[in-house]
Amino acid sequence: RKEVEQDPGPFNVPEGATVAFNCTYSNSASQSFFWYRQDCRKEPKLLMSVYSSGNEDGRFTAQLNRASQYISLLIRDSKLSDSATYLCVAKRGSNQFYFGTGTSLTVIP
Amino acid sequence: DAGVIQSPRHEVTEMGQEVTLRCKPISGHNSLFWYRQTMMRGLELLIYFNNNVPIDDSGMPEDRFSAKMPNASFSTLKIQPSEPRDSAVYFCASRSNRGPLVSQPQHFGDGTRLSIL
């Protein structure tokens, strides 16, 4: 079983829509979580860290549910520029980062 | 601030040739990671270094792959001999694992697109 699993999508949503991605992790020892964004033919870039109490950054909200071992990313008022692949990451130990395979989002005009 | 710098950006070579990928981490970061990304397998960790010392190389596919970090500002990933199945995008990432409770994320370089013919 993979450490981190994501629905690959694709998610195709109209501009202005709200879209949510979920990600599950298999190892309860995972301590820290992140969402990265990767544009086509580019490197992954940190979108946001995920804190235990949940956190928001503009139109983006991240939640962590340790009991069920999943994290989520909510994007409100989708923009065309949000089109990308979103990678879920779980970290345990000092340097063990586990990436999901990514969820593809296309925002349609 | 300069980010993680990788070179070359693109490499096309024939199978059997030696390939060397280079990475300069962000100054002050003490952990460095090499990843490979393909459509089929996603992002795979190959090896990571902490304070220039290789810690986990379990992701290195086989003996044809080797990585070094001679100092805090430079690392190489070498493939010898290269094979067509090595074609992928290779990313280097760095982070600082010093500091208190906050977990520092990784920062990625632009990647090297490697094609083995």
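Check the entry above for the structure.
To start, this report covers the structure provided alongside it. (Residues numbered from 1 in each chain as written. Chains lettered and ligands numbered in written order. Predicted model: local features only at pLDDT ≥ 70, side-chain atom pairs only at ≥ 80, totals over all residues. Heavy atoms only, no water.)

**With respect to the state of the cysteines**
In protein chemistry, a disulfide is the covalent bond that joins the sulfur atoms of two cysteines.
All names here are of chain A.
Phase 1: Throughout the structure, instances matching the rule amount to two disulfides over all chains.
Phase 2: Note on cysteine connectivity: Cys23 is disulfide-linked to Cys88, with sulfurs 1.9 Å apart. Linking Cys23 and Cys88, the disulfide has an S-S dihedral of approximately -70 degrees and is accordingly described as left-handed. Residue Cys23 is found in strand 3 (residues 19-25), and its partner Cys88 is found in strand 9 (residues 84-92); the two are separated by 65 residues along the sequence.
Phase 3: Owing to a relative accessible area of 1%, Cys23 belongs among the buried residues under this scheme.
Phase 4: Relative accessible area serves as the criterion here: at 2%, Cys88 is assigned to the buried category. (Disulfide = S-S within 2.5 Å. Helix = DSSP H or I, 4+ residues; strand = E, 2+ residues; numbered from the N terminus. Buried < 20%, exposed > 50% of the residue type's maximum accessible area, 1.4 Å probe, protein only.)

**Points about the packing of aromatic side chains**
In this description, an aromatic ring pair is defined by two values, namely the gap between the centres and the angle between the planes.
Phase 1: Under the criterion given, the structure shown has 13 aromatic pairs over all chains.
Phase 2: Between the aromatic rings of Phe11(A) and Phe21(A), the centroid separation amounts to 5.2 Å while the plane-to-plane angle is 75 degrees, which identifies the pairing as edge-to-face. With Phe11(A) in strand 2 (residues 11-14) and Phe21(A) in strand 3, the pair connects residues that are 10 residues apart, well separated along the chain.
Phase 3: You can call Phe11(A) partly exposed: its relative accessible area is 24%.
Phase 4: By relative accessible area, which is 1% here, Phe21(A) ends up buried.
Phase 5: Plain terms: the ring middles of Phe99(A) and Tyr35(B) are 5.4 Å apart, the flat faces sit at 75 degrees to each other, and that makes the pair edge-to-face. Taken together, the positions of Phe99(A) in strand 10 (residues 96-99) and Tyr35(B) in strand 4 (residues 31-38) put the pair across two chains.
Phase 6: By relative accessible area, Phe99(A) is classed as buried at 11%. (Phe/Tyr/Trp six-rings, centres within 6.5 Å; stacked < 30°, edge-to-face > 60°.)

**Structural notes on the interface of chain B and chain A**
Interfaces are frequently sized by the accessible area removed from exposure as the parts join.
Phase 1: Every contact between the two is made by 18 residues of chain B and, on the other side, 14 residues of chain A.
Phase 2: Buried surface at the junction of chain B and chain A, both sides included, amounts to about 1,500 Å², of which 51% is carbon and sulfur.
Phase 3: The three residues of chain B that bury the most area against chain A are Ser103(B), Phe108(B) and Arg113(B), which together make up 28% of that side's buried surface.
Phase 4: Summed over the shared surface of chain B and chain A, the number is zero salt bridges.
Phase 5: Applying the counting rule to chain B against chain A returns seven residue pairs in polar contact (both at pLDDT 80 or more). (Contact = heavy atoms within 4.5 Å. Buried area = accessible area lost by both parts, 1.4 Å probe. Salt bridge = Lys/Arg side-chain N within 4 Å of Asp/Glu carboxyl O. Polar contact = N/O pair within 3.5 Å; in protein donor to acceptor, adjacent residues only side chain to side chain.)

**Some thoughts on the pattern of salt bridges**
Phase 1: Scanning the model with the defined rule gives 14 salt bridges over all chains in all.
Phase 2: Among the salt bridges present, the one from Lys79(A) reaches Asp77(A), with a minimum N-O distance of 2.9 Å.
Phase 3: Judged by its relative accessible area of 33%, Lys79(A) is partly exposed.
Phase 4: Given a relative accessible area of 35%, Asp77(A) falls into the partly exposed group.
Phase 5: One network of salt bridges, with partners in common, ties together Glu62(B), Arg64(B), Glu83(B), Arg85(B) and Asp86(B).

**Side note on the sheet that holds strand 1 (residues 5-7) of chain B**
Residue and element names in this part refer to chain B.
Phase 1: In spatial order, the strands read 1-3-8-7; together these four strands make up an open sheet with antiparallel pairing. Every interior strand has two partners, whereas the edge strands, strand 1 and strand 7 (65-71), have only one. Within the sheet, the average angular offset between the axes of one strand and its neighbour, ignoring direction, is 15 degrees.
Phase 2: Note that strand 1 and strand 3 (residues 19-24) share three bridges and pair antiparallel. The residue bridging Ile5 from the neighbouring strand is Lys24, located in strand 3. (Pairing = 2+ DSSP bridges. Axes fitted to C-alpha atoms, helices over the stretch in contact; angles between N-to-C directions.)

**Quick word on the nonpolar core**
Side chains of nonpolar character tend, in soluble globular proteins, to be buried together.
Phase 1: Ranked by size, the top nonpolar core spans 23 residues in total, and within it Phe21(A), Trp35(A), Ile71(A), Leu73(A), Ile75(A), Tyr86(A) and Leu105(A) carry the most contacts.
Phase 2: Among the elements of the structure, strand 3, strand 4 (32-38), strand 5 (44-50), strand 7 (60-65), strand 8 (70-75), strand 9 and strand 11 (103-108) of chain A are those that each provide at least two residues to this core.
Phase 3: The residues contacting Ile75(A), other than those within four sequence positions of it, are Ala17(A), Thr18(A), Val19(A), Phe21(A), Arg59(A), Phe60(A), Asp82(A), Tyr86(A) and Leu105(A).
Phase 4: Core analysis: the second largest hydrophobic core is formed by 21 residues, Cys23(B), Leu46(B), Ile79(B) and Leu114(B) among them. (Core = buried A, V, L, I, M, F, W, Y, C linked by side-chain atoms within 4.5 Å.)

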